[in-house]
Amino acid sequence: MAVAVRLALIVLLLLGPGGWGHTEPSRDSLREELVITPLPSGDVAATFQFRTRWDSELQREEVSHYRLFPKALGQLISKYSLQELHLSFTQGFWRTRYWGPPFLQAPSGAELWVWFQDTVTDVDKSWKELSNVLSGIFCASLNFIDSTNTVIPTASFKPLGLANGTDHYFLRYAVLPREVVCTENLTPWKKLLPCSSKAGLSVLLKADRLFHTSYHSQAVHIRPVCRNARCTSISWELRQTLSVVFDAFVTGQGKKDWSLFRMFSRTLTEPCPLAAESRVYVDITSSKQDNETLEVNPPPLTTYQDVILGTQKTYAVYDLLDTAVINNSRNLNLQLKWKRPPENGYIHYQPAQDRLQPHLLEMLIQLPANSVTKVSIQFERALLKWTEYTPDPNHGFYVSPSVLSALVPSIVASKPVDWEESPLFNSLFPGSDSSSYFVRLYTEPLLVNLPTPDFSMPYNVICLTCTVVAVCYGSFYNLLTRTFHIEEPSKGGLAKRLANLIRRARGVPPL
Amino acid sequence: MAANSFRPRVLTALAGLLALSFGSLADSRIEDQAEQFFRSGHTNNWAVLVCTSRFWFNYRHVANTLSVYRSVKRLGIPDSHIVLMLADDMACNARNPKPATVFSHKNMELNVYGDDVEVDYRSYEVTVENFLRVLTGRVPPGTPRSKRLLSDDRSNILIYMTGHGGNGFLKFQDSEEITNIELADAFEQMWQKRRYNELLFIIDTCQGASMYERFYSPNIMALASSQVGEDSLSHQPDPAIGVHLMDRYTFYVLEFLEEINPASQTNMNDLFQVCPKSLCVSTPGHRTDLFQRDPKNVLITDFFGSVRKVEITTETISLQPDLGIMESSNKEDQIDEERMEPLKYAEQLPVAQIIHQKPKLKDWHPPGGFILGLWALIIMVFFKTYGIKHMKFIF
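Here the structure is a predicted model, which is why all the values come from computation and not from measurement. (Residues numbered from 1 in each chain as written. Chains lettered and ligands numbered in written order. Predicted model: local features only at pLDDT ≥ 70, side-chain atom pairs only at ≥ 80, totals over all residues. Heavy atoms only, no water.)

Draft legend 1. Region of the structure containing the interface of chain B and chain A. Counting residues at the interface gives 43 residues for chain B, matched by 49 residues for chain A. Of the roughly 4000 Å² buried at the junction of chain B and chain A (both faces included), carbon and sulfur atoms supply 48%. Together, B:Asp115, B:Arg122 and B:Tyr345 form the three largest contributors to the area buried by chain B at its contact with chain A, with a combined 17%. At the junction of chain B with chain A, the criterion picks out 5 salt bridges. Linking chain B to chain A there are 17 residue pairs in polar contact (both at pLDDT 80 or more). Of all elements in the fold, only helix 9 (323-335) and helix 10 (351-355) of chain B reach the threshold of two or more residues within the side of chain B that touches chain A. For the side of chain B that touches chain A, the per-class residue count stands at 19 nonpolar, 8 polar and 16 charged. (Contact = heavy atoms within 4.5 Å. Buried area = accessible area lost by both parts, 1.4 Å probe. Salt bridge = Lys/Arg side-chain N within 4 Å of Asp/Glu carboxyl O. Polar contact = N/O pair within 3.5 Å; in protein donor to acceptor, adjacent residues only side chain to side chain. Helix = DSSP H or I, 4+ residues; strand = E, 2+ residues; numbered from the N terminus. Nonpolar A, V, L, I, M, F, W, Y, C, P; charged D, E, K, R; others polar.)

Draft legend 2. A look at the environment of B:Phe187. Residue and element names in this part refer to chain B. Tracing the chain through its elements places Phe-187 in helix 4 (residues 180-192). Of the residues examined, Phe-187 reaches a relative accessible area of 0% and is grouped as buried. Discounting residues that sit within four places of it in the chain, Phe-187 has contacts with Leu-135, Ile-159, Tyr-196, Leu-199, Phe-201, Phe-215, Ser-217 and Ile-220. (Buried < 20%, exposed > 50% of the residue type's maximum accessible area, 1.4 Å probe, protein only.)

Draft legend 3. Seen up close, the state of the cysteines. One pass over the structure, following the stated rule, counts 4 disulfides over all chains. The side chain of A:Cys182 participates in a disulfide bridge whose partner is B:Cys92; the two sulfur atoms lie 2.2 Å from each other. Judged by the sign of its S-S torsion, about 85 degrees, the bond between A:Cys182 and B:Cys92 is right-handed. With A:Cys182 in the loop between strand 6 (171-176) and helix 5 (183-191) and B:Cys92 in the loop between strand 2 (82-86) and strand 3 (121-122), this pair bridges two chains. With relative accessibility at 0%, the residue A:Cys182 sits in the buried group. Judged by relative accessible area, B:Cys92 falls into the buried class, the value being 16%. For B:Cys275, the disulfide goes to B:Cys280, at an S-S distance of 1.7 Å. (Disulfide = S-S within 2.5 Å.)

Draft legend 4. Summary view of the sheet that holds strand 1 (residues 44-51) of chain B. Residue and element names in this part refer to chain B. Pairing is mixed in the open sheet, where 7 strands are placed in the order 3-2-1-4-8-9-10. Two strands bound the open sheet, and with one partner strand each, they are strand 3 and strand 10 (285-287). Sheet topology places strand 9 (residues 220-224) next to strand 10; 3 bridges connect them, and they run antiparallel. Looking across to strand 10, one finds that Ala-222 is bridged to Arg-287. (Pairing = 2+ DSSP bridges.)

Draft legend 5. Region of interest: the sheet that holds strand 7 (residues 176-179) of chain B. All names here are of chain B. Spatially, 5-6-7 is the arrangement adopted by the 3 strands of the open sheet, whose pairing is antiparallel. Edge positions in the open sheet fall to strand 5 (165-166) and strand 7, since each of these has one partner strand only. Strands strand 6 (169-172) and strand 7 of the sheet are contacted by helix 3 (residues 128-136), whose axis makes an angle of about 35 degrees with strand 7. (Axes fitted to C-alpha atoms, helices over the stretch in contact; angles between N-to-C directions.)

Draft legend 6. Expanded view of helix 4 of chain B. Residues and elements named next belong to chain B. Taking 1.5 Å per residue, 13 residues should reach 18 Å; helix 4 reaches 18 Å between its end C-alpha atoms and fits that length. Within helix 4, the full set of buried residues consists of Asn-180, Leu-183, Ala-184, Ala-186, Phe-187, Glu-188 and Met-190. The secondary structure elements touched by the buried residues of helix 4 are helix 3, strand 4 (155-162), strand 7, strand 8 (198-204) and strand 9. (Expected span 1.5 Å × (residues − 1).)

Draft legend 7. Quick look at the UniProt feature "transmembrane region" (unreviewed entry) in chain A. Under the feature "transmembrane region" (unreviewed entry), the UniProt entry names residues 459-480 of chain A. A helix fraction of 100% and a strand fraction of 0% characterise residues 459-480 of chain A, whose end C-alpha atoms lie 30 Å from each other. (UniProt positions renumbered as here; feature names shortened; annotations may be inferred.)

Draft legend 8. Fine view of the environment of B:Leu245. All names here are of chain B. With respect to the secondary-structure elements, Leu-245 resides in the loop between strand 9 and helix 5 (248-258). Given a relative accessible area of 0%, Leu-245 falls into the buried group. Along the chain, Leu-245 and Tyr-59 lie 186 residues apart, while their C-alpha atoms are 6.4 Å from each other. Those residues in contact with Leu-245 that sit more than four places away from it in its chain are Tyr-59, Arg-60, Ala-63, Phe-103, Ser-104, His-105, Lys-106, Gln-236, Pro-237 and Asp-238.

Draft legend 9. Quick look at the packing of aromatic side chains. Taken as a whole and assessed by the stated rule, the structure comprises 30 aromatic pairs over all chains. Aromatic side chains A:Tyr281 and A:Tyr304 sit 6.1 Å apart centroid to centroid with 70 degrees between the ring planes, which places their arrangement in the edge-to-face category. You can see A:Tyr281 sitting in strand 10 (residues 275-283) and its partner A:Tyr304 sitting in strand 13 (residues 302-308), a full 23 residues away along the chain. Residue class for A:Tyr281 comes out buried when judged on its relative accessible area of 14%. On the basis of relative accessibility, which here comes to 35%, the residue A:Tyr304 falls in the partly exposed class. Plain terms: the ring middles of B:Trp191 and B:Tyr196 are 5.5 Å apart, the flat faces sit at 50 degrees to each other, and that makes the pair tilted. Assessed through its relative accessible area of 22%, B:Trp191 is described here as partly exposed. For B:Tyr196, a relative accessible area of 1% corresponds to the buried category. Positioned above the aromatic ring of A:Tyr169 is the side chain of A:Arg172, whose terminal nitrogen or guanidinium carbon lies 5.7 Å from the ring centre. Note that B:Lys147 overlies the ring of B:Tyr121, its terminal NZ or CZ placed 5.4 Å from the centroid. (Phe/Tyr/Trp six-rings, centres within 6.5 Å; stacked < 30°, edge-to-face > 60°. Lys NZ or Arg CZ within 6 Å of the ring centre and 35° of its normal.)

Next comes the structure, spelled out in structure tokens:
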């Protein structure tokens, strides 16, 4: 009996405090999202977004209880009276021509633009202090932001959140293009996430994969948003975004098949327990391009269609909070495979061997109607041996013409030809099909100007060398080896005596 | 009976004697333990790790600094107590074949960059001025906490520097130098301001011993990788990365430190023996004359680790939830729920508004003293030359 009374007392005690201090309705919520977009060039883009929405008025300084919203940023907002803050770190450049339009592009380096509230008296001083504090939080050299690289845009960079007046005096914008992004910037960025990098989509954020990319951009955006549809009160929204583009050749080794494990060397095991929504979207809009179909494995349970950036897009949705998605395999490894239908073409190429055989290229192509098809071949000019040149090398060398053998569809059906009855010009090619005719066409030969050596040079060189050798060496040789000895003049030979006789006869003095 | 009572008495006496002796032994052991408890005299640990070289071929200096950073973090010093200064970015350099990694051993065995690194001063911020400001505490207002050395008179500080150096100087980023005299004066400032309890200075550059020759403040122990006139050599290149990965002295120091855990009792004499001339080619040197304790009593973890003395208590403290605050905050929120008119988002590109806005005129400032003085001079010269009679044509 006493024990029962004591137990009842204990139970009452436990329930009492619980009943009075009813658990607060959670004032902040987290949504996390990953969008995987296969790009036209074979690369794949992954965009992470972590959004924490906090239903509170941060203008009052008495706020001291932070749950999902990080304290470092909440204190910044209240201390410097921020209306909006946008900070991004980017490495690389988003190639719109090859990849399509981005969701949110950022300039290479570090970019910081801030709207202060209209209660701030000295905006420049707050701006300088804010950039110093942010350089400490994100381990970046943002303290180099000063009046030499800060501007006050007058027409662009309107607030992205709620604003009741837009006096551009309270806006500051600065870019540091030399700023490098590396793991030391990612580490504090990850620490601002409610689940850090322990659960949910943030387990995929491993630095050694994220920086081995063509484009890496991480950003922090803080702005006030509407709390409800009527928009009568303000909530603060913190969005942390991270976009990366994995290169098909560097990371994918040339193949266009992607999976979460290939991209991040991790798979998803569970959603973040603090998240209200945790979803992965895969863009399957261009599921048929270049005769290849995109197959997503495991097949999605739902899809989402909408007009994004001006075009209609379809996304496959995987909701990590749905237990059917992460099923008995306990992990989710999305795989994207491109299936190519079997080809019906033919290519035969036999490369040349020097001084043995030429190149041979044969291709069977199906030309689409009303189109122009260009076939181009690149070649390099090489130097031949000097004996292989023709006597007139400056004329050039010929490349044999190409041959086009075609079956052309014929508009008018032809009847089969009897070779003995029909004229000779109709029986050149055997025609089997009445709906098309065979024709063989040739292109012009190509005259290529090869690099020609100067053939007169050997002659010039021989002449010059021989002259030099003769003059210099020959002189030396003579000087060194010629000996001089005195020679008595001889009396004269027989020819001289005969000549003297004739001269005496003529009366001319003798030799 | 007497004999029977005698023996237990003897036994008890013996037992008493034994207990006394054990007690005294235990006392002396307790004394030893108490002495050990107070031996080191420091209550917190700081580390300032500086790499002063820029450019890709100086990869090894960044790897040196990061390997010491890794050891220091592993042994317990938190990031908030480490000031890491790297003059260039090697991990995400375009020439790094494995981005976000810095390796210390070839064949990419050990990534000293890790996943959890926080660099406080990077790239162009690593200058002689910033380094001296960090040491002496004279940082500009607005410097965040992670960039300050907030040490006190009970802090043991480890300072590690690496880069290219010469006889009496260390080169910062190929554009400026710090001399050994400046360094010694900075340490003296730190001593005067009581910013350290004991300081361990390690330097891995060519002719490193010249950098500690001029120290004159107490409680400083210094190690260098080579003597004056000797070069410190690098260890081994990696064929995939294409540069030398580490310097020899720091490579062997890293191997030595990998054996240390927070509980080890290895002392400084073992650190002095690391990398003899046969391995290092240069002769490492050390200086202990300014240090008060004997190096054999100084534990490695006194400087490289953050070993705290922990006292475990079994008392319980009960926390009372304060219900008053929670209720009042609920009420306040309900009040400011309702607003008069709905808010709206700003238009991102209001073309009509932009076209018709007037550009802000800069405020007109009256001409400054220089302009006024210049005009006064011109007018004076004019009137002196041509006489005062021209005044009537002007006024």
